[in-house]
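Survey of secondary and tertiary structure
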Amino acid sequence: MISIAHKTKQFLVLLIKLLIVSFAFYFIYNQLASNDKLDWAQFLVLFKKNHSVIGISFILLLSVLNRYFEILKWQNLVSNLKSITIGEATKQVLAALTAGIFTPNGIGEYAGKALFFDKSETRKVIFLNLICNEIQMILTVIIGIVGLLYFNTQYHVITTRTVAILFAILTLVFIVLFSVKKIKIKGYSIEKLIQKINEIPKHIHQKNIFLGVCRYLVFSHQYYFLFLAFDVDLPYLILMSAVTSVYFLASSLPSFQFLDFAVKGSVAVYFFGILEVNEWIVIFISTLMWFLNVVLPVIIGSYYVLNFKILTLSVFDAEREAIL
């Protein structure tokens, strides 16, 4: 009986692994094959004209650095729980990325990372992953707002009055949140959240912020250099303000990882349309960014998913904890 139960569990684990990898590859293929706005002929003409081994290597290096800084962030945060190697952090980050590619806002990523730890540590791991993701979101919002304001001074996308109203609403939201920080929802409150954040040593937070800034500079400038590669000649500040605005607005919209390039692409088309950049170039660059920074890591992460060995925590427990 025990042997049958063990074999059943092994079969279910294998089935889940195959489903995760199959869904990930299906969504990737579907998005690339069904996008009729990708003009491959124009891309090949421009690629043959401007391609260079150094240029391609540089863009690929930025993709590696982007994910490497994310791995360092995770290794740094997990050190509050236990010490892990770069190799182990790489395995956890890439496997979790694969698991989260077809879930809303990457919820599957939380469950994916939790599976590498004992069941008793699930909540702590999910909380650390939340901190890891939210610092990147906060940086994206802060830098994005600055970029959007600068872009607006040059092109007047929104009026000064609208900007003032938005800041007033944002300030009011913060005031309300901190005034009701003791109110509990399902046993949690803002005050308790702040307390748990403060329990993490300050040097870990400082390193997390530093690595988050490094990662932001890498992927935002990768966008910038790709525009240069596609012969888009615009002043640095204008181009970067448009890039940071795109990341800010796109990150504010709920989406799936596999739809990331479509969301960013649609926002980018609007901003770069104002700068009179061809729509197909914007869409192609958004797709390339998605391919380099999501698809390639997911392909590598699929290997880790297929070779993953269950610890004491089941897949279903991890998913439930992530949702809660």
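Predicted, not measured: the structure shown is a model, and the values here were computed from it.

This part is about the overall build of the chain. Regarding its fold elements, the chain presents 13 helices and zero strands. Secondary structure elements of the chain, listed N to C terminal, follow the sequence α-α-α-α-α-α-α-α-α-α-α-α-α. A burial count over the chain gives 45% of its 324 residues as buried. Excluding contacts between residues fewer than 6 apart, the proportion of contacts in the chain whose partners are at least 24 apart in sequence is 77%. A total accessible area of about 17800 Å² is found for the chain, and carbon and sulfur atoms account for 69% of it.

According to UniProt, the positions carrying the feature "transmembrane region" (unreviewed entry) are residues 12–32, 52–69, 126–151, 163–180, 234–251, 258–275 and 281–306. Helix and strand shares over residues 234–251 are 89% and 0% respectively, and the end C-alpha atoms of the span are 24 Å apart. End C-alpha to end C-alpha, residues 281–306 measures 36 Å, and it is 100% helix and 0% strand.

Right, let's talk about the packing of helix α9 (residues 202–229) against helix α12 (residues 279–306) for a bit. Axis separation between α9 and α12 bottoms out at 10 Å; the angle between their running directions is 135°. With respect to α12, the element α9 is oriented oblique. Like other packed secondary-structure pairs, α9 and α12 cross with a definite hand, here right-handed. Contacts between α9 and α12 involve F219, Q222, Y223, L226 and F227 from the first element and V282, I285, S286, L288, M289, L292 and N293 from the second.

Of all eight residues making up helix α5 (residues 107–114), seven are buried, and the element is well covered by its neighbours. Those residues of α5 lying buried are G108, E109, Y110, A111, G112, K113 and A114.

All right, on to a nonpolar patch on the surface then. A contiguous nonpolar patch, built from F58, L61, V64, Y68 and I86 and spanning about 430 Å² of accessible area, is present on the exposed surface. Considering each element in turn, the nonpolar patch owes the most residues, four residues, to helix α3 (residues 53–78). Positionally, F58 belongs in helix α3. The exposure class assigned to F58 is partly exposed, which follows from its relative accessible area of 35%.

This part is about the nonpolar core. Ranked by size, the top nonpolar core spans 34 residues in total, and within it Y223, F227, F272, L275, V277 and I285 carry the most contacts. When residues of this core are traced back to their parent elements, those giving at least two are α6 (122–155), α9, α10 (236–251), α11 (260–274) and α12. Ignoring sequence-local partners within four residues, the contact set of F272 consists of F227, L239, A242, V243, V246, V277 and V282. If you look at the next biggest cluster of nonpolar residues, it comprises 20 residues, including A95, L115, F117 and I204.

This part covers the confidence of the model for the chain. On average, residues of the chain score 78 in pLDDT, and 69% of them are at 70 or above. Mean pLDDT in the chain bottoms out at helix α13 (residues 315–323), which sits at 47, and peaks at α9, which reaches 94. Scored below 50 in pLDDT, residues 311–316 shows 17 contacts in the model against residues more than four places distant or in partner chains. For residues 318–323, every residue scores under 50 in pLDDT, and the model assigns this stretch 13 contacts once sequence neighbours within four places are set aside.

Conventions we followed
Residues numbered from 1 in each chain as written. Predicted model: local features only at pLDDT ≥ 70, side-chain atom pairs only at ≥ 80, totals over all residues. Heavy atoms only, no water. Helix = DSSP H or I, 4+ residues; strand = E, 2+ residues; numbered from the N terminus. Buried < 20%, exposed > 50% of the residue type's maximum accessible area, 1.4 Å probe, protein only. Contact = heavy atoms within 4.5 Å. Areas by Shrake-Rupley, 256 points an atom, 1.4 Å probe, with all protein chains shown as cover. UniProt positions renumbered as here; feature names shortened; annotations may be inferred. Axes fitted to C-alpha atoms, helices over the stretch in contact; angles between N-to-C directions. Parallel < 35°, antiparallel > 145°, perpendicular 65-115°, else oblique. Left-handed = near helix turned anticlockwise from the far one by under 90°. Patch = residues over 30% accessible without salt bridge, like charges linked within 9 Å, V, L, I, M, F, W, Y side chains within 5 Å. Salt bridge = Lys/Arg side-chain N within 4 Å of Asp/Glu carboxyl O. Core = buried A, V, L, I, M, F, W, Y, C linked by side-chain atoms within 4.5 Å. pLDDT = per-residue confidence, 0-100.

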